[in-house]
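Chain and residue survey
Next come the chains, spelled out residue by residue.
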Amino acid sequence: METRPDQLRALVLDYLCNNCYTKTALALSKDSAIMHLDRDGDEISESHPRGGTLTGLSGDVIRDMERRERIRIHILSGRVEEAIACLNEHFPKVLDESLEDEAHRTLSHDITSDQVQYRTTTINPVHLTLNLRVLAFIETCRTVPLIYPPLDSDSIGLDSPPHSKCPPEGDPLEEDRHQTELLIRAQKLYAHVNSLRNSADRALYLKELTNVGGLLAYTVPEKSPVARYLSQERRERVAEQINYAILRMPSSSSYVVTDLLCR
């Protein structure tokens, strides 16, 4: 079946919205919207089952897209605590560990336990919470800023600086305080992992913490053998996981037309 121009446009808009290209999605929606008129000449829109239309974006879709974009930028900028706060405020079920069993039931049976935690498509709130907490620990270990400038990308603005903070140099008291904070974070992570019900999850994350904990052994971990944990790719992987989990929520107002057009 040949794809109509309006269907192709809807697919592009679907991609832009789901991947948080907010400005581009809004511009496309505004500039290329197709007007439908009723018998009286009044504009009408074709209904869409996810809260928007095939030719435009509803207020709920725009609101959720901007919230997902804000969370995404927080993670990509290393501001993990801010991202967690936004998730708990706007999408609390994503990190609700009481829903772990339900998340396990939705996973494909051909995925082995050692793959689940690091797949982009994982929706298990236990895995997502731990991945965020591990990333927060990594960001606290950082001594060289890793700049992520959202103002140069297709994103909404944020009030806070677009990069993670690093501990000040030359202040012994501040350095001691920072080292103490790192140790406390590490202890909390180990306690969290040891409390996991699933033994395979527990073993996998304990191994991960052993590797990530190596950052503590270096004054400048960015120049160490474990520097890969401080890469932007790590942030991107977690950001993709969180965005996917939000989109998979039953109450999500995301603009999804792919399944509709493939029927």
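Report follows, based on the coordinates. The structure displayed is predicted, hence computed values, not measured ones. (Residues numbered from 1 in each chain as written. Predicted model: local features only at pLDDT ≥ 70, side-chain atom pairs only at ≥ 80, totals over all residues. Heavy atoms only, no water.)

Let us look at the overall build of the protein chain. When you go through the protein chain residue by residue, the secondary structure sums to 11 helices and 2 strands. The proportion of buried residues among the 263 residues of the protein chain is 42%. In the protein chain, of all internal contacts separated by at least 6 residues, the share reaching a separation of at least 24 is 70%. When the accessible surface of the protein chain is split by element, carbon and sulfur atoms take 53% of a total near 14,200 Å². (Helix = DSSP H or I, 4+ residues; strand = E, 2+ residues; numbered from the N terminus. Buried < 20%, exposed > 50% of the residue type's maximum accessible area, 1.4 Å probe, protein only. Contact = heavy atoms within 4.5 Å. Areas by Shrake-Rupley, 256 points an atom, 1.4 Å probe, with all protein chains shown as cover.)

This part covers the packing of helix H2 (residues 22-31) against helix H3 (residues 59-76). The interhelical angle for the contact between H2 and H3, taken along N-to-C directions, is 160°, at an axis separation of 10 Å. Put simply, H2 runs roughly antiparallel to H3. Between H2 and H3, the contacting residues are Thr-22, Ala-25 and Leu-26 on the first element and Ile-62, Met-65, Glu-66 and Glu-69 on the second. When grouped by side-chain class, the residues that make up the contact of H2 with H3 number 4 nonpolar, 1 polar and 2 charged. (Axes fitted to C-alpha atoms, helices over the stretch in contact; angles between N-to-C directions. Parallel < 35°, antiparallel > 145°, perpendicular 65-115°, else oblique. Nonpolar A, V, L, I, M, F, W, Y, C, P; charged D, E, K, R; others polar.)

Moving on, we get to the environment of Lys-223. Take Lys-223: it is sitting in the loop between helix H9 (199-212) and helix H10 (232-247). Given the relative accessible area of 77%, Lys-223 is considered exposed. Here the alpha-carbon distance between Lys-223 and Val-144, two residues 79 residues apart in the chain, equals 9.8 Å.

With that settled, the discussion passes to unusual backbone geometry. Within the chain, Cys-20 stands out as a residue other than glycine whose phi angle is a positive 65°. Of note, Cys-20 is situated in the loop between helix H1 (5-18) and H2.

Tallying each qualifying case throughout the model produces 1 aromatic pair. Their ring planes at 25° and their centres at 6.0 Å tell us that Tyr-15 and Tyr-21 sit as a pair that is stacked. Given the relative accessible area of 30%, Tyr-21 is considered partly exposed. (Phe/Tyr/Trp six-rings, centres within 6.5 Å; stacked < 30°, edge-to-face > 60°.)

Pairing is possible between side chains that carry opposite charge, provided their charged atoms lie close to one another. For the coordinates displayed, the defined rule picks out 12 salt bridges. For Arg-185, the salt bridge is made with Glu-81, and the minimal N-O distance between the two is 3.4 Å. Linking Arg-185 in helix H8 (residues 172-194) with Glu-81 in helix H4 (residues 80-90), this pair joins segments that are 104 residues apart in sequence. Judged by its relative accessible area of 33%, Glu-81 is partly exposed. Its salt-bridge partner being Arg-185, residue Glu-181 comes within 3.3 Å of it at the nearest N-O pair. Taken together, the positions of Glu-181 and Arg-185, both in helix H8 and 4 residues apart, correspond to about one turn of that helix. Residue Glu-181 is classed as partly exposed on the basis of its relative accessible area of 24%. The partly exposed category is assigned to Arg-185, whose relative accessible area is 22%. (Salt bridge = Lys/Arg side-chain N within 4 Å of Asp/Glu carboxyl O.)

Bringing the packing of H3 against H4 into the picture now. Where H3 contacts H4, the two axes come as close as 7 Å, and the packing angle between them is 160°. Judged by the angle between their axes, H3 and H4 are roughly antiparallel. Of the two possible hands of crossing, H3 and H4 adopt the one that is left-handed. Contacts between H3 and H4 involve Arg-67, Arg-70, Ile-71, His-74 and Ile-75 from the first element and Val-80, Glu-82, Ala-83, Cys-86, Leu-87 and His-90 from the second. Its residues assigned to classes, the contact of H3 with H4 shows 6 nonpolar, 2 polar and 3 charged. (Left-handed = near helix turned anticlockwise from the far one by under 90°.)

Below, the discussion takes up the nonpolar core. Ile-71, Ile-75, Leu-87, Val-94, Leu-132, Ile-242 and Ile-246 are the most contacted members of the largest nonpolar core, which totals 24 residues. Ranked by size, the runner-up nonpolar core spans 18 residues in total, among them Cys-141, Val-193, Leu-209 and Val-226. (Core = buried A, V, L, I, M, F, W, Y, C linked by side-chain atoms within 4.5 Å.)

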